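Listed below are the residues making up each chain.
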Amino acid sequence: MTATGAAPGSPPFDLRALLAARGEERYELHSRHLNHQLPRMLRTIGFDRRYERAEGAYFYDADGQDYLDMLAGFGVMGLGRHHPVVRRALHDVLDASLADLTRFDCPPLPGLLAERLLAHSPHLDRVFFGNSGTEAVETALKFARCATGRPRVLYCEHAFHGLTCGALSVNGEGSFRDGFAPLLPDTAVPLGDLAALERELARGDVAALVVEPIQGKGVHPAPPGYLSSARELLHHHRALLIADEVQTGLGRTGDFYAHQHEPGAEPDLLCVAKALSGGYVPVGATLGRDWIFRKVYSSMDRVLVHSASFGANAQAMAAGLAVLSVIEDEALVARARTVGDLLLGRLAALVERYEFLHAVRGRGLMIGIEFGRPRSLGLRARWSMLQAARPGLFAQMVVVPLLHRHRILTQVSGDRLEVIKLIPPLIIGEREVDRFVTAFTEVMEEAHAGSGLIWDFGRTLVGRAVRER
Ligand code: PLP
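Residues numbered from 1 in each chain as written. Predicted model: local features only at pLDDT ≥ 70, side-chain atom pairs only at ≥ 80, totals over all residues. Heavy atoms only, no water.

(A) Region of the structure containing the sheet that holds strand β4 (residues 126-130). Across the sheet, seven strands lie side by side as β4-β12-β11-β10-β7-β5-β6; this open sheet has mixed pairing. Two strands in the sheet have a free side with no partner beyond their single neighbour: β4 and β6 (187-189). Adjacent strand axes in the sheet meet at a mean angle of 20°, parallel and antiparallel pairs treated alike. Sheet topology places β4 next to strand β12 (residues 284-288); five bridges connect them, and they run antiparallel. Bridged to Phe129 within β12 is Ala285. Strands β5 (152-156), β6, β7 (206-211) and β10 (240-244) of the sheet are contacted by helix α11 (residues 226-236), whose axis makes an angle of about 170° with β7. (Pairing = 2+ DSSP bridges. Helix = DSSP H or I, 4+ residues; strand = E, 2+ residues; numbered from the N terminus. Axes fitted to C-alpha atoms, helices over the stretch in contact; angles between N-to-C directions. Contact = heavy atoms within 4.5 Å.)

This is the structure:
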């Protein structure tokens, strides 16, 4: 064997051999060469598993045990893992040996994907393809500033739009911003507060409001009527509405885009990413009105004024086209609505039964489960102990047994939030809903019994939170 795991005389690079030889070092390699806090955190909560393969809505470990994925790679795996149609499209594009990324021609796939994407937003005309959600947002921010000739962007408190500097400037959480100042002089307004929006617009320097139709952190839908009223106000003040549908787009909420839930909420710029990748090739897309693109690309000299080296590459475009076909062929938008209603309904029915469970909200397959202070004295003491150590520990205490005992992967919806967010692949059905609700009910039973492993783990979390202060 050589250092790469290849036997002498065999081809110089052999991926399978490399993985077979060194796959077991994964956590050590990560600790040594990447973000060392990730393996540390995973070990703390006992999430340091070794998944070997994945298919659809499941991962499998070396013993062949299945794990239900209610997180979908933060929403990237909208179609589940290794969808055969996306996979075939990617094999096809590689086998075609296309003359891709020459940069001085107009290949067919970006035009075809743009055409197909725009068919879902008839009021928008053009697309810019980048490589991630944050880049889709950066593009929208730049385009809005250029098109309006104004500097300031408004965003909503608690918003999440990505972590590059522009997108971070419109991030509504201090925990993400801390340590990275100075950022752009953008301004937060409360989600749903039209008066606050109007006050800022009156200053005459606002290019746009960027908003998630359902806020990812905590799963908070914009109040009914907010998006359409905000759009009206923005247009009145010659500013733009940017909808960030990086997470909510492509069927997740039971409409193709979440803003389509509300008539009159059509954005001027629309950001898409995550699920468009098919879970394989990073991609971001910013859709916009013709006049906005014409302001940005206003002369031949400015043809490359906003561009990306990997933007619109053939693999990403092929994956995107395959994803949009599958969404249509498998009627995944309607499926997200039906299965989402079922899951939301079954979880909502538990709110009455469990004191720690305060609310279940969301749309389609984007669901937030919120915990809060219980009524009875004994449980309240336990809740207070966790809150005093660190808000968010109760939700973490639920996420952990869901994985350990029920092999279901979920996440706490944000730092210090007592909310679990469910964003499973859109292909899940009754079987997965049943598995989740049964497991969640069992964890709630144990939490309310006030004993057992869940509370032992709670005490471990409290100890660690106190030590880390
Ligand atoms: N916008 C929203 C609403 C998101 O949820 C995310 C990621 O979670 C982003 C933007 C950033 O996307 P990416 O991680 O691909 O940069």
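Picking up after the structure, the text goes on.
(B) Here's a closer look at the site of the ligand. The full set of residues close to the ligand is Ser132, Gly133, Thr134, Phe160, His161, Gly162, Glu212, Asp244, Val246, Gln247 and Lys274. Here an oxygen atom of the ligand and a backbone polar atom of Thr134 are 2.8 Å apart. One nitrogen or oxygen atom from the side chain of Lys274 is found 2.7 Å from an oxygen atom belonging to the ligand. When the ligand sits alone it has 390 Å² of accessible area, and the protein chains cover 78% of it. (Near = heavy atom within 4 Å. Polar contact = N/O pair within 3.5 Å; in protein donor to acceptor, adjacent residues only side chain to side chain. Areas by Shrake-Rupley, 256 points an atom, 1.4 Å probe, with all protein chains shown as cover.)

(C) Looking closely at unusual backbone geometry. Here the bond from Ala181 into Pro182 is cis, since omega is 0°, no more than 30 degrees from zero. In this structure, Pro182 sits in the loop between α9 (174-177) and β6. Of note, His82 is a non-glycine position whose phi angle comes to about 55°, a positive value. Mapping His82 onto the fold places it in the loop between α4 (72-75) and α5 (84-95). Here Lys274, not a glycine, exhibits a phi torsion of approximately 30°, which is positive. Its place among the elements puts Lys274 in the loop between β11 (269-272) and β12. Residue classification places Lys274 among the partly exposed positions, given a relative accessible area of 22%. (Buried < 20%, exposed > 50% of the residue type's maximum accessible area, 1.4 Å probe, protein only.)

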